[in-house]
Amino acid sequence: MLVIVIKYPSILYSFASMRFKSQVLVLFTLIINNSKLVFNMATLRFQALNDSANRSPVQVDEISDTRSELFGANVFDKRAQKHFMTKEGYKAVRSAIDHGTKIDRMIADQVAASMKTWALSRGATHYTHWFQPLTGTTAEKHDAFFEPIGDGDAIEKFAGGQLVQQEPDASSFPNGGIRNTFEARGYTAWDPTSPAFVIGTTLCIPTIFVSYTGEALDMKTPLLRALQAVDAAATDVCKYFDKNVKKVIATLGWEQEYFLIDSALASARPDLTATGRTLLGHSPAKGQQLDDHYFGSIPERALAYMRDLEIESIQLGIPVKTRHNEVAPNQFELAPLFEEANLAVDHNSLLMDVMEKVASRHNFKVLFHEKPFAGINGSGKHNNWSLATDTGVNLLAPGKTPMSNLQFLTFFINTIKAVYTHADLLRATIASASNDHRLGANEAPPAIISVFIGQQLSKVLDDLEKVSKGKITPEEMTDLKLNVVGKIPDVLLDNTDRNRTSPFAFTGNKFEFRAVGSTANCAEPMTVLNTIMADQLIQFKSEVDAMLKKDKKMKKDGAIFNVLREYIKSSKAIRFEGDGYGEPWVKEAKKRGLNNFLNTPRALAAKISKEALSLYEKHGVMNHVETEARYEIDLENYVMKMQIEGRTLGDIAGNHVIPTAIKYQNVILKSLRGLKEIFGTGYKKMASEQIELAKAISIHINGISANVDKMNAEGARANKLTKLDKQAIAYCDKVKPYFETIRVHCDALEMMVDDEIWPMVKYREMLFTK
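Residues numbered from 1 in each chain as written. Predicted model: local features only at pLDDT ≥ 70, side-chain atom pairs only at ≥ 80, totals over all residues. Heavy atoms only, no water.

What about the overall build of the protein?
Phase 1: Within the protein one finds 28 helices and 19 strands.
Phase 2: Looking at the protein residue by residue over its 770 residues, the buried ones come to 55%.
Phase 3: Taking the contacts inside the protein whose residues are at least 6 apart along the sequence as the reference set, 76% of them involve residues at least 24 apart.
Phase 4: In the structure as shown, the protein presents an accessible area of about 33500 Å², 54% of it carried by carbon and sulfur atoms. (Helix = DSSP H or I, 4+ residues; strand = E, 2+ residues; numbered from the N terminus. Buried < 20%, exposed > 50% of the residue type's maximum accessible area, 1.4 Å probe, protein only. Contact = heavy atoms within 4.5 Å. Areas by Shrake-Rupley, 256 points an atom, 1.4 Å probe, with all protein chains shown as cover.)

Concerning the pairing of strand β3 (residues 126-130)
Phase 1: The buried fraction of β3 is high, at four of five residues.
Phase 2: Across five bridges, β3 lies against strand β10 (residues 202-211) in parallel orientation. Within β10, the residue paired with H126 across the bridge is T202. (Pairing = 2+ DSSP bridges.)

Brief notes about the pattern of salt bridges
Phase 1: Scanning the model with the defined rule gives 35 salt bridges in all.
Phase 2: The salt bridge partner of K220 is D191, with a shortest N-O separation of 2.7 Å. Taken together, the residues K220 in helix α9 (residues 220-238) and D191 in the loop between β8 (186-190) and β9 (197-199) connect sequence positions 29 residues apart.
Phase 3: Using a relative accessible area of 3% as the deciding quantity, one classes K220 as buried. (Salt bridge = Lys/Arg side-chain N within 4 Å of Asp/Glu carboxyl O.)

Quick word on the environment of V761
Phase 1: Among the secondary structure elements, V761 is positioned in the loop between α27 (724-752) and α28 (763-768).
Phase 2: Apart from the residues within four sequence positions on either side, V761 is in contact with R45, L265, A268, R269 and M766.

Brief notes about the environment of E370
Phase 1: As for its position among the elements, E370 is in the loop between β15 (364-367) and β16 (381-389).
Phase 2: Residues E370 and S432, 62 residues apart in the sequence, show an inter-C-alpha distance of 9.7 Å.
Phase 3: A distance of 2.7 Å separates a polar atom in the side chain of E370 from a polar atom in the side chain of S434. (Polar contact = N/O pair within 3.5 Å; in protein donor to acceptor, adjacent residues only side chain to side chain.)

Examining the pairing of β8
Phase 1: For β8, the buried fraction is high: four of the five residues fall into the buried class.
Phase 2: Here two bridges tie strand β7 (residues 165-166) to β8, and the two strands are oriented antiparallel to one another. Directly across from Q165, in β8, lies its bridge partner A189.
Phase 3: One ladder, built from five bridges, connects β8 with β10; its direction is antiparallel. Looking at β10, one finds that T188 is bridged to F209.

A short note on the packing of helix α23 (residues 610-618) against helix α24 (residues 624-679)
Phase 1: Contact geometry of α23 with α24 gives a least axis separation of 9 Å together with a crossing angle of 130°. Our classification of the angle between α23 and α24 gives oblique. The way α23 lies across α24 gives a crossing that is right-handed. In this structure, α23 uses L613, Y616 and E617 to contact α24, whose residues at the interface are H624, T627 and E628.
Phase 2: A per-class count over the contact of α23 with α24 returns two nonpolar, two polar and two charged. (Axes fitted to C-alpha atoms, helices over the stretch in contact; angles between N-to-C directions. Parallel < 35°, antiparallel > 145°, perpendicular 65-115°, else oblique. Left-handed = near helix turned anticlockwise from the far one by under 90°. Nonpolar A, V, L, I, M, F, W, Y, C, P; charged D, E, K, R; others polar.)

Some thoughts on the side chain of K510
Phase 1: Tracing the sequence through the fold places K510 in the loop between β18 (504-506) and β19 (511-513).
Phase 2: Apart from residues lying up to four places away in sequence, K510 is in contact with F338, N384, W385, S386, L396 and A505.

Looking at the nonpolar core
Phase 1: Counting 117 residues, the largest nonpolar core has Y258, Y305, F411 and F412 as its most contacted members.
Phase 2: Dropping the residues within four chain positions of it, F411 is found in contact with A234, V237, C238, L387, L395, L396, M533 and L537.
Phase 3: Membership of the second largest hydrophobic core comes to 64 residues, among which are I261, L279, I701 and F739. (Core = buried A, V, L, I, M, F, W, Y, C linked by side-chain atoms within 4.5 Å.)

Quick notes on α24
Every α-helix carries 3.6 residues per turn, so stepping three or four residues along brings you back to the same face.
Phase 1: With 56 residues, α24 should cover 82 Å at 1.5 Å per step; its first-to-last C-alpha distance of 79 Å lies within 8% of that length.
Phase 2: Considering bend angle alone, the principal kink of α24 is centred on A653 and spans about 35°.
Phase 3: The N-capping residue of α24, defined by a side-chain oxygen 3.0 Å from the backbone nitrogen of V625, is N623. (Expected span 1.5 Å × (residues − 1). Bend = angle between axes of the 7 residues up to and from the residue.)

Topic: unusual backbone geometry
Across the chain, the bulk of peptide bonds are trans and the bulk of non-glycine residues have phi less than zero.
Phase 1: Residue N330 is not a glycine yet carries a positive backbone phi of 60°.
Phase 2: Here N330 shows up in the loop between β12 (320-325) and β13 (331-336).
Phase 3: Phi is positive for N363, close to 55°, though the residue is something other than glycine.
Phase 4: Assessed through its relative accessible area of 28%, N363 is described here as partly exposed.

A closer look at the packing of aromatic side chains
Phase 1: Scanning all chains against the criterion turns up 23 aromatic pairs.
Phase 2: Residues Y258 and F332 carry aromatic rings whose centres are separated by 6.0 Å and whose planes lie at 40° to one another, so their mutual orientation is tilted. Taken together, the residues Y258 in strand β11 (residues 248-262) and F332 in strand β13 connect sequence positions 74 residues apart. Side by side, Y258 and F332 carry an identical accessibility label, which is buried.
Phase 3: On the basis of an interplanar angle of 25° and a centroid distance of 5.2 Å, the ring pair of F408 and F412 is categorised as stacked. Residue F408 and its partner F412 are located together in helix α14 (residues 402-421), separated by four residues, close to a single helical turn. With respect to class, F408 is no different from F412; both count as buried.
Phase 4: Taken together, F408, F412, F504, F506, F511 and F513 form an aromatic cluster joined through their ring pairs.
Phase 5: For the cation-ring pair, R301 lies above F364, with the distance from its terminal atom to the ring centre recorded as 4.2 Å.
Phase 6: K417 extends its terminal NZ or CZ atom over the ring of Y567, reaching a point 5.2 Å from the ring centre. (Phe/Tyr/Trp six-rings, centres within 6.5 Å; stacked < 30°, edge-to-face > 60°. Lys NZ or Arg CZ within 6 Å of the ring centre and 35° of its normal.)

Shown next as structure tokens:
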């Protein structure tokens, strides 16, 4: 007779949702000849540890081609377009990319035919419109090129209509009330500025995603509008310095931080599987305090993964450049070269998909969560942003002449002013349930938005603040150009230090928005940053032009200096050079009038402020319906994540931790009975430690049970609230605090219970098993 006892029923859902191939194999090899197997989480834990310990680096196929030869091999880029397209089609696509002109249907058919021929040559069998809905991830629906034509024949078909526009079912994507669930119609439309690519056997065509009534249902559409706005505004300002500038491009270089955990170990943690982070787990004796992981030798398994990932990325046109160990154990970073912002955003979303696929080949689980482990560094996605002209000038890099440096100062100071004016909106763009755990923790930036520019550049701005109001004398102008503006390149050579606690720091030739979380889609912070910059530059030009019109004798440089001086004064509060951690900065920020939104529900409110609604509508980035929809989606996402975390924690605590603690307590009680039998009434002296341990276990079991009940009750109350903002605040203020309380009790039991029966993979095992 064969008997299998599954001790904890909740393990069944784990079997259904996790990759347990090796575990299942072991399970069935143990069931032999009328045996009885008792299977529990501790069994799974030790099997996972065994699997992890016996892993070897996966061999990555050697490719004879150099990285430069491989670059873009699976991308329908300029090189492929020239080779496969007609001259007419190529010119039309380049014009659409460079000047935003429309592609007519006949040309679209030519482009589609060329794209299909290229894709088939790369092994593609299907195509998809690849878009970024408001889930924060990517979406795709694959259709085959194959099409029967009768009489048993078939062809590979892909026409202009299929390239330019499709109609996927939009009913299940987040929409924030823009449309009803039963109204399934939504449209994807080709974005020619981001080239198509082949991944696996599928041709992926980057697209926007809009509703039947035209509202944006994706991340890309508002970004494209914001990039258009900043292009126009920045180009107008550039005319003060160079009449030849026809276009300004926003550039982005992101830095993706992540953790790599063995897939077997990750699968043995229901919290990691369900929420992306560990909801309990005692800190290991050794964490990151020795700083021995940062920039250290990359472990062999991780290095093999990185090599495989880089080959895939390079072929997809993602210009990955840098890889290294990060501060926390098993934490790493990957960074590409700068690209045009829209393409960079697409590449980051694509890369995150590729990272997960490649990780499965190497028996890894990639953790993008901002704070997957308590007590050690979390992960961010630093957004390095700048503006560049079509003449090849980086507008946030000093030049070699006073005129080019004045241009640099113009864009530099206007950026600071834009951040100061819209600090709360920038804070809202980085708000999420997961990023709340990171901001202000370990070395991550605080929740207070501030700008770091370094002491030397601060001195330059202090000197500019002293510029005379009104018309500037020739002597003062000469002094400014020679002794202030002219020395900026030298200043920057020495100003290489970076404030790692600043959310928004100038780093020599760009601004680094460091507060963006590692799970985030870069589109949202880039949409906001480019929109507020467009708004600020328009204001700046208006003020300079008004000053020149009012005083005909005033020279252009004098007017620019006058306006910049006032911006330096008015935005001074946002500049901070000190340590962003601790109460002193919180108090100082309050004195300066800077807001400190400590959690997502309160930070998000800035998204629907009168100023934000007006800003977006003014520049055609989003109408009020689109803006309010995104606010509602963000609140709903926060609530759902709190619900998932609460339910997962309650399940683990009640179905795994408490039964294990009781089991170990019974072992202690059995020992006590044995001691009593041997030593009689004097056994208490001999067993004082065991008695106290049994009492402590009871205290923590009761603490878990009572607090889980209170958490569930608060959750039930929150669920009855009809307004999403009130519901989100209730989850934040009333439900979430119990997470930490329950965790404290669980972590205490972890240190008391026999290691051999503890059900959850421990921190020391996940973080230090290579």
